[in-house]
Amino acid sequence: MISQREEGQRLDRFLGKYMDRAPTGFFYKMMRKKNIVLNGKKASGGEKLHAGDQIKLFLSQETIEKFSGAVPVSLPEPQTELAVLYEDDHVLLVNKPVGMLSQKAKASDVSLVELITSYLLETGSLTRSDLRSFRPGICNRLDRNTSGIVTAGKSLAGLQALSLGFRQRSFGKYYRCLVRGSVTEERHVRGYLRKDAGKNQSVIEAHQTEGADFIETEYRPIKAGNGYTLLEVRLLTGKPHQIRAHLASEGYPILGDYKYGDRKTNDRFRKEYGLSSQLLHAYRLEFPRLDSVLAPLSGRIFCAGEPELFLRIQKNLIGKTEE
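Keep in mind that what you see is a predicted model, and the values were worked out from it rather than measured.

Asks: Please set out the overall build of the protein chain residue by residue, giving values where relevant.
Replies: Of the regular secondary structure elements, the protein chain holds eight helices and 14 strands. Across its three principal directions, the C-alpha atoms of the protein chain cover 75 × 45 × 40 Å. Taken across its 323 residues, the protein chain has 49% of its residues classed as buried. Sequence separation of 24 or more characterises 64% of the internal contacts of the protein chain that already satisfy a separation of 6 or more. Per element, the accessible surface of the protein chain, about 16400 Å² overall, is 45% carbon and sulfur. For the protein chain, the centre of its 50 positive side-chain charges and the centre of its 38 negative side-chain charges are spaced 4 Å apart.

As structure tokens, then:
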């Protein structure tokens, strides 16, 4: 029986996950012969599944086992804890720590996705059997060395709704960062970002060139002092390294950012504080009025506290803030 977390996907895609070693043509042949039926009726494979639907496989256990691979679950290190900000039947909001990948870069990596999967297994929201047909996934990625709010889908419907909201820029995404330089006024800046894949670095240009994407960034000073500023940044478009590259192009590099920042300044903070990553944190996420599976998030605002080192450096440079 199709569960709430599995609904919304096509029958053929569901079958392809459940028996991931089967050739594509196998499912259509079995459906034509009524060896695979949906709600007791012949199916084509293109049907959209709903919670409560029943799929019957008139196949031998040997055939099912032959075409079903092992459930690929890599559990994170036991000492790693998931900082959950919000959870319901469809979505999960967490505070990602600095140094953790959002998704795997290679097979041996343990990323936030694996940590979320482990958490859902431990809390009983998922079973290993469920993972044959649905895998939880994240909907907004942060760089390894950027901390803060990441959203994930616990169901296919939740995953799809969140992903659509981010694509349509329906959600308010706000970051905090410590930059070198004194920012005295709010700015709304535009430009064009071109990704240099060879260097894994983004370049900001004033005019559009081939391969460059339009970007928009808003930032405002929260508190400044001693030549440094705590900024709140609103990400209006979401391109790789946008905030880091855009602020650096404005003359306000983020502390700890060796790719776009000032090496001499960063070396000083590395020596004094052990800082090895940029002080950039996805601090706040605002949701508009929503319906369907995202209705519980409608009109809500979520905040995630900055890492301890971020706060310590901020306090020493410019003092505490009242916000």
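Having put the structure on the table, let's press on.
Asks: Kindly report on the pairing of strand S12 (residues 228-235), identifying the contributing residues and their values.
Replies: For a regular strand, the rule is simple: side chains alternate between the two faces of the sheet. Most of S12 sits inside the fold, with seven of its eight residues counted as buried. One ladder, built from seven bridges, connects strand S8 (residues 172-180) with S12; its direction is antiparallel. Looking at the pairing, Tyr175 lines up with Val233 of S12. Where strand S11 (residues 212-225) meets S12, eight bridges bridge the pair, whose relative direction is antiparallel. Counterpart to Tyr219 in the pairing with S12 is Val233.

Asks: Can you lay out the sheet that holds strand S1 (residues 36-38) for me, pointing to particular residues and giving the numbers?
Replies: Spatially, three strands are ordered S2-S1-S3 in an open sheet, and the strand pairing comes out antiparallel. The open sheet has two edge strands with one neighbour each: strand S2 (41-42) and strand S3 (55-57). Sitting on the sheet, helix H1 (residues 11-18) touches S1 and S3, and the angle it makes with S3 is about 50°.

Asks: Give me the lowdown on the side chain of Ser277, citing residues and values where you can.
Replies: In this structure, Ser277 sits in the loop between helix H7 (263-273) and strand S13 (280-286). By relative accessible area, which is 9% here, Ser277 ends up buried. Once residues lying within four places of it in the same chain are set aside, the contact partners of Ser277 are Val98, Asn145, Leu255 and Gly256.

Asks: Account for the packing of aromatic side chains, naming residues and giving values.
Replies: To describe a pair of aromatic rings, you give the distance between the ring centres and the angle between the ring planes. What the rule picks out here adds up to nine aromatic pairs. Plain terms: the ring middles of Tyr192 and Phe214 are 5.8 Å apart, the flat faces sit at 65° to each other, and that makes the pair edge-to-face. Taken together, the residues span a long stretch of sequence, with Tyr192 in strand S9 (residues 187-196) and Phe214 in strand S11 at a distance of 22 residues. Among the residues examined, Phe214 registers a relative accessible area of 37% and is labelled partly exposed. Note on Tyr228 and Phe269: the rings are 5.8 Å apart at their centroids and 80° apart in plane angle, and the pair reads as edge-to-face. Separated by 41 residues along the polypeptide, Tyr228 in strand S12 and Phe269 in helix H7 bring together distant segments of the chain. The same class applies to Tyr228 as to Phe269, namely buried. Cluster of aromatic residues (ring-pair linked, three or more members): Tyr86, Phe166, Phe171, Phe287 and Phe302. Seen from the ring of Tyr283, Arg176 lies directly overhead, with NZ or CZ sitting 4.0 Å from the centre.

Asks: Before we move on, can you summarise the environment of Asp257 with the specific residues and values?
Replies: Within the element layout of this structure, Asp257 appears in the loop between helix H6 (242-249) and H7. Residues Asp257 and Ser276, 19 residues apart in the sequence, show an inter-C-alpha distance of 8.2 Å. Leaving out residues up to four positions away in the same chain, Asp257 has contacts with Arg244, Asp262, Asn266 and Gln278. A polar atom in the side chain of Asp257 sits 2.9 Å from the side chain of Arg244.

Conventions we followed
Residues numbered from 1 in each chain as written. Predicted model: local features only at pLDDT ≥ 70, side-chain atom pairs only at ≥ 80, totals over all residues. Heavy atoms only, no water. Helix = DSSP H or I, 4+ residues; strand = E, 2+ residues; numbered from the N terminus. Buried < 20%, exposed > 50% of the residue type's maximum accessible area, 1.4 Å probe, protein only. Contact = heavy atoms within 4.5 Å. Areas by Shrake-Rupley, 256 points an atom, 1.4 Å probe, with all protein chains shown as cover. Lys, Arg positive; Asp, Glu negative; His and termini not counted. Charge placed at Lys NZ, Arg CZ, Asp CG, Glu CD. Pairing = 2+ DSSP bridges. Axes fitted to C-alpha atoms, helices over the stretch in contact; angles between N-to-C directions. Phe/Tyr/Trp six-rings, centres within 6.5 Å; stacked < 30°, edge-to-face > 60°. Lys NZ or Arg CZ within 6 Å of the ring centre and 35° of its normal. Polar contact = N/O pair within 3.5 Å; in protein donor to acceptor, adjacent residues only side chain to side chain.

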